[in-house]
Amino acid sequence: MPAPVSVSTHPLIQHKLARLRAAATKPPEFRALVAAISHGLFFEATRDLRLAPIGVETPLTQTTCQHIADRVGLVPVLRAGLGMAEAMLEALPEAVVWHLGLYRDHATLKPVTYYNKMPPKPDMDVALVLDPMLATGGSAIAAIDILKTTGTPRIIFAGLIAAPEGVAALQAAHPDVPVFLAALDSRLNEVGYIVPGLGDAGDRQFGTA
Ligand SMILES: O=P(O)(O)OC[C@H]1O[C@H](OP(=O)(O)OP(=O)(O)O)[C@H](O)[C@@H]1O
Ligand SMILES: O=c1cc[nH]c(=O)[nH]1
Ligand SMILES: [Mg+2]
């Protein structure tokens, strides 16, 4: 059985997704929405991180609390994953960031790797691959293929919007990777865009459309 695909039902995430999808939403608000939704999604995607006890001196007494014991790497798929990584770093500033540059060739829809800042032997327990759009799944699969060459023991994929075709392809290629999404849409159109979707997540964040 493949690892689960979790689609958020949180009202705040659904509310912000509506604004994110709207064609009239301009890059400054679009980036803020990517950040806010990613922040919420990060809480869901990290719910199984390992905790360990830590002693804390409160103003009243000595007590034992919990802290995150897993070392976490964030792998934003450029460009569109950058906004997700910024938001998640705010939630967990101790995380390290491994940038991975992939773009999807418009004619073939196949991913092309152009930048890789992955350490050869990262000493990490968990890595989160971050890309707002899971369309055909080619980019996410390629990112995880590359990440797996480093021997990172646990990998999680977090995205904002997916097509069923992309989820199926990702699960077939990497059945061990759990998937966390803000929305699962209807389909891909004839040029590989997610419908209803939001258009091109990179262009909409950075104003390059
Ligand atoms: O599932 P797939 O069919 O591979 O499509 C999804 C990919 O397409 C987008 O990137 P894009 O190529 O537009 O690059 P960009 O982030 O630089 O805009 C998106 O951010 C994913 O990386
Ligand atoms: O709908 C899509 C598909 C791929 N990449 C995007 O940015 N949007
Ligand atoms: Mg793009």
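Residues numbered from 1 in each chain as written. Chains lettered and ligands numbered in written order. Predicted model: local features only at pLDDT ≥ 70, side-chain atom pairs only at ≥ 80, totals over all residues. Heavy atoms only, no water.

Visitor: Looking at this structure, I do not really get the layout of surface pockets. What am I missing?
Guide: To find leftover empty space, one rolls a probe the size of a water molecule over the atoms. Size it by volume and the largest pocket reaches roughly 560 Å³. As for the largest pocket, its lining consists of 27 residues, and the residues nearest its centre are A80, Y103, R104, S139 and D200. Elements represented by at least two residues in the lining of the largest pocket include exactly β4 (72-78), β6 (100-104), β9 (133-134), α4 (138-148) and α6 (201-206). Taken as a whole, the second largest pocket holds about 200 Å³ of empty space. Elements represented by at least two residues in the lining of the second largest pocket include exactly α2 (27-45) and β10 (154-162). Taken together, the residues that form the lining of the second largest pocket break down as 8 nonpolar, 2 polar and 6 charged. (1 Å grid on protein atoms, 1.4 Å probe; cavity = no way out; pocket = protein on both sides within 12 Å on 5 of 7 lines; lining within 4 Å. Points joined across faces, edges and corners; volume = space filled by probe spheres on them. Helix = DSSP H or I, 4+ residues; strand = E, 2+ residues; numbered from the N terminus. Nonpolar A, V, L, I, M, F, W, Y, C, P; charged D, E, K, R; others polar.)

Visitor: What am I meant to see in the site of ligand 1 here?
Guide: Within the structure, ligand 1 sits among 15 residues, and R79, R104, D131, T136 and S139 are positioned closest to it. A distance of 2.7 Å separates an oxygen atom of ligand 1 from a polar atom in the backbone of R104. One of the side-chain nitrogen or oxygen atoms of D200 is found 3.4 Å away from an oxygen atom of ligand 1. About the coverage of ligand 1: the protein hides 92% of its 500 Å² of free accessible area. (Near = heavy atom within 4 Å. Polar contact = N/O pair within 3.5 Å; in protein donor to acceptor, adjacent residues only side chain to side chain. Areas by Shrake-Rupley, 256 points an atom, 1.4 Å probe, with all protein chains shown as cover.)

Visitor: I would appreciate a short explanation of the site of ligand 2 in the present structure.
Guide: Within the structure, ligand 2 sits among R104, M133, A135, G192, Y193, I194, G199, D200 and A201. Protein contact buries 89% of the 240 Å² of open area that ligand 2 shows by itself. Its residues assigned to classes, the shell around ligand 2 shows 5 nonpolar, 2 polar and 2 charged.

Visitor: Would you take a moment to explain the UniProt feature "binding site: uracil" (unreviewed entry) in the protein for this structure?
Guide: The UniProt feature table records "binding site: uracil" (unreviewed entry) at I194, G199, D200 and A201. The annotated residues named above include I194, G199, D200 and A201 as those lining the largest pocket. Here G199 shows up in the loop between β13 (194-195) and α6. If we skip the residues at most four places from it in the chain, G199 touches M133 and Y193. For D200, the location among the structural elements is in the loop between β13 and α6. Take D200: its relative accessible area is 25%, and that puts it in the partly exposed class. With sequence-adjacent residues up to four places away left out, D200 is seen in contact with R79 and Y193. Here the side chain of D200 touches Y193 through a polar contact of 3.3 Å, side chain to side chain. (UniProt positions renumbered as here; feature names shortened; annotations may be inferred. Contact = heavy atoms within 4.5 Å. Buried < 20%, exposed > 50% of the residue type's maximum accessible area, 1.4 Å probe, protein only.)

Visitor: Can you walk me through the pattern of salt bridges in this structure?
Guide: Opposite charge on two side chains allows them to pair when their charged atoms are near. By the definition in use, this model includes 9 salt bridges. Among the salt bridges present, the one from D70 reaches R50, with a minimum N-O distance of 3.0 Å. In this pair, D70 is assigned in the loop between β3 (62-68) and β4 and R50 in the loop between α2 and β2 (51-57), connecting sequence segments 20 residues apart. On the accessibility criterion, D70 (10% relative accessible area) is buried. Salt bridges sharing common partners tie together R50, D70, R71, D123, D125 and R154. (Salt bridge = Lys/Arg side-chain N within 4 Å of Asp/Glu carboxyl O.)

Visitor: Can you help me understand the packing of aromatic side chains in this one?
Guide: Aromatic ring pairs are reported here in terms of the distance separating the ring centres and the angle at which the planes meet. Applying the stated criterion across every chain, the model contains 1 aromatic pair. Ring geometry for Y103 against Y114: centres 5.9 Å apart, planes inclined by 35°, an arrangement best described as tilted. One end of the pair, Y103, is in strand β6; the other, Y114, is in strand β7 (residues 111-116), and 11 residues separate them in sequence. The residue whose ring lies beneath R104 is Y193, and the NZ or CZ to ring-centre distance is 5.4 Å. (Phe/Tyr/Trp six-rings, centres within 6.5 Å; stacked < 30°, edge-to-face > 60°. Lys NZ or Arg CZ within 6 Å of the ring centre and 35° of its normal.)

Visitor: Explain the packing of α2 against helix α3 (residues 82-91) here, please?
Guide: Angle between the axes and distance between the axes are the two parameters that describe a pair of packed helices. Running from N to C, α2 and α3 cross one another at 55°; their axes reach a closest spacing of 8 Å. The angle between α2 and α3 falls in the class oblique. Crossing handedness for the pair α2 and α3: right-handed. Counting all contacts with α2, which are made through V34, A35, S38, H39, L41 and F42, the residues of α3 involved are G83, M84, A87, M88 and A91. (Axes fitted to C-alpha atoms, helices over the stretch in contact; angles between N-to-C directions. Parallel < 35°, antiparallel > 145°, perpendicular 65-115°, else oblique. Left-handed = near helix turned anticlockwise from the far one by under 90°.)

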